[in-house]
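Reading the structure
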Amino acid sequence: MSDYLDGNAAAGALSELFAVDLTAAIAQCNGCGQTTVFAESRLYVDAPGMIARCAGCDTVLLRVVTTPTNTYLDLRGLTYLRVPNS
Amino acid sequence: MGIVSPGFTGRRGGGTDLPPGQYLTHEFPVLSAGPTPHILTDHWEFTVTTETGEKYKWDWAALTALPAEEITKDIHCVTRWSKLQTTWKGVSLDTLLADVETGADFAMAHSYGGYTTNLPLEDLLDGQSWIAYEYDGEPLHAEHGGPARLLVPHLYFWKSAKWVRGLVLSDSEDLGFWETAGYHEYGDPWKEQRYAGD
């Protein structure tokens, strides 16, 4: 038996994650480490995409670009998003 | 798939020659992916870094001492507004790069505040781009990219980096802020190159 599962096994967890209100999640900034509820980030929407930045250091936490065929989600500025288990 | 192609809407802005999918505005919308940097000209600096690491620098006095051009160009934002006959003053990249020794094919524009955008170097040359520091006869306001922004009007306006602080030249093409998030690596408005793969 291998010591890992294939990516399909993450589907359930991911669908749970994105089914919840992410704005209530606890987010840690990968730039300064500030850890706050995501709703406290600064959201820039007058732009070609949606940008959330850390209220502490302005690091880009999240980018969402919606094209006619795809949605790009960049979370590299987040160390983690923490959501309670339901 | 719709019956009408996206390009069909290109002239809905009032019959002027607009790229496909654009509408005409007389405003100057402010788009920004972050807080507006307020850079004093005393602290402003523009640096060109070549593929060998050599750096060429200009401060504000050096930039504004160079021959400047009056520029009148149409501009086209990927969010679909176009503004015609905008007037700028700035220094041609031909002037700034005249003595820069490089064989690079690509440039990454870097801005105060961290924004980046990538362009082929040849699109910055031959009278196609400027470091602009006046708009409509006034010093360029910070909200529009002042004290100085890149102006590359033949490409979608996200390529005209606000608050520009330098160019990094390289032999390979890296992608900038919007280009890494689904926007087209080149961005020709007349070919409607909005998104990756267009």
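So, how was this worked out
Residues numbered from 1 in each chain as written. Chains lettered and ligands numbered in written order. Predicted model: local features only at pLDDT ≥ 70, side-chain atom pairs only at ≥ 80, totals over all residues. Heavy atoms only, no water. Contact = heavy atoms within 4.5 Å. Buried area = accessible area lost by both parts, 1.4 Å probe. Salt bridge = Lys/Arg side-chain N within 4 Å of Asp/Glu carboxyl O. Polar contact = N/O pair within 3.5 Å; in protein donor to acceptor, adjacent residues only side chain to side chain. Nonpolar A, V, L, I, M, F, W, Y, C, P; charged D, E, K, R; others polar. Helix = DSSP H or I, 4+ residues; strand = E, 2+ residues; numbered from the N terminus. Buried < 20%, exposed > 50% of the residue type's maximum accessible area, 1.4 Å probe, protein only. Pairing = 2+ DSSP bridges. Axes fitted to C-alpha atoms, helices over the stretch in contact; angles between N-to-C directions.

1. What to know about the interface of chain B and chain A
At the junction of the two partners, chain B supplies 17 residues and chain A supplies 16 residues. Between chain B and chain A, roughly 1,400 Å² of surface is buried when both sides are summed, and carbon and sulfur atoms account for 65% of that area. Counting the contacts that link chain B with chain A gives zero salt bridges. Viewed at the interface, chain A and chain B are joined by five residue pairs in polar contact (both at pLDDT 80 or more). The residue inventory of the side of chain B that touches chain A, partitioned by class, reads eleven nonpolar, six polar and no charged.

2. So, the pattern of salt bridges
Residues and elements named next belong to chain B. Within this structure, the stated rule accounts for six salt bridges over all chains. One salt bridge in this structure joins Glu-179 and Lys-159, with 2.7 Å as the shortest N-O distance. Of this pair, Glu-179 sits in the segment after strand S11 (164-170) while Lys-159 sits in the loop between strand S10 (149-151) and S11, placing them 20 residues apart in sequence. Residue class for Glu-179 comes out buried when judged on its relative accessible area of 4%. A relative accessible area of 0% means that Lys-159 is categorised as buried.

3. What about the sheet that holds strand S3 (residues 42-44) of chain A?
Residue and element names in this part refer to chain A. The four strands lie next to each other as S3-S4-S5-S6, forming an open sheet whose pairing is antiparallel. Of all strands in the sheet, those with a lone pairing partner are S3 and strand S6 (71-74), marking the two edges. Averaged over all neighbouring strand pairs, the angle between strand axes comes to 10°, with direction disregarded. Judged from the three bridges that link them, S3 and strand S4 (residues 50-53) form a sheet pairing that is antiparallel. Residue pairing in the sheet places Arg-42 in a bridge with Arg-53 of S4.

4. Digging into the sheet that holds strand S2 (residues 35-37) of chain A
Whether parallel or antiparallel, the strands of a sheet pair through hydrogen bonds between backbone atoms. Residue and element names in this part refer to chain A. If you trace the three strands from one edge of the open sheet to the other, you get S2-S1-S7, paired in antiparallel fashion. Strands at the two margins of the open sheet, each flanked by one partner only, are S2 and strand S7 (78-82). Adjacent strand axes in the sheet meet at a mean angle of 20° when their direction is disregarded. In terms of strand pairing, strand S1 (residues 26-29) meets S7 through four bridges, oriented antiparallel. Residue Ile-26 lies in a different strand from S7, and its bridge partner there is Arg-82.

5. So, the side chain of Gln-22 of chain B
Residue and element names in this part refer to chain B. Note that Gln-22 resides in the segment before strand S1 (23-24). On the basis of relative accessibility, which here comes to 0%, the residue Gln-22 falls in the buried class. Among the polar contacts listed, one links the side chain of Gln-22 to the side chain of Ser-82, at a separation of 3.1 Å. Within the local environment of Gln-22, its side chain forms a polar contact with the side chain of Arg-194, the two groups lying 2.9 Å apart.

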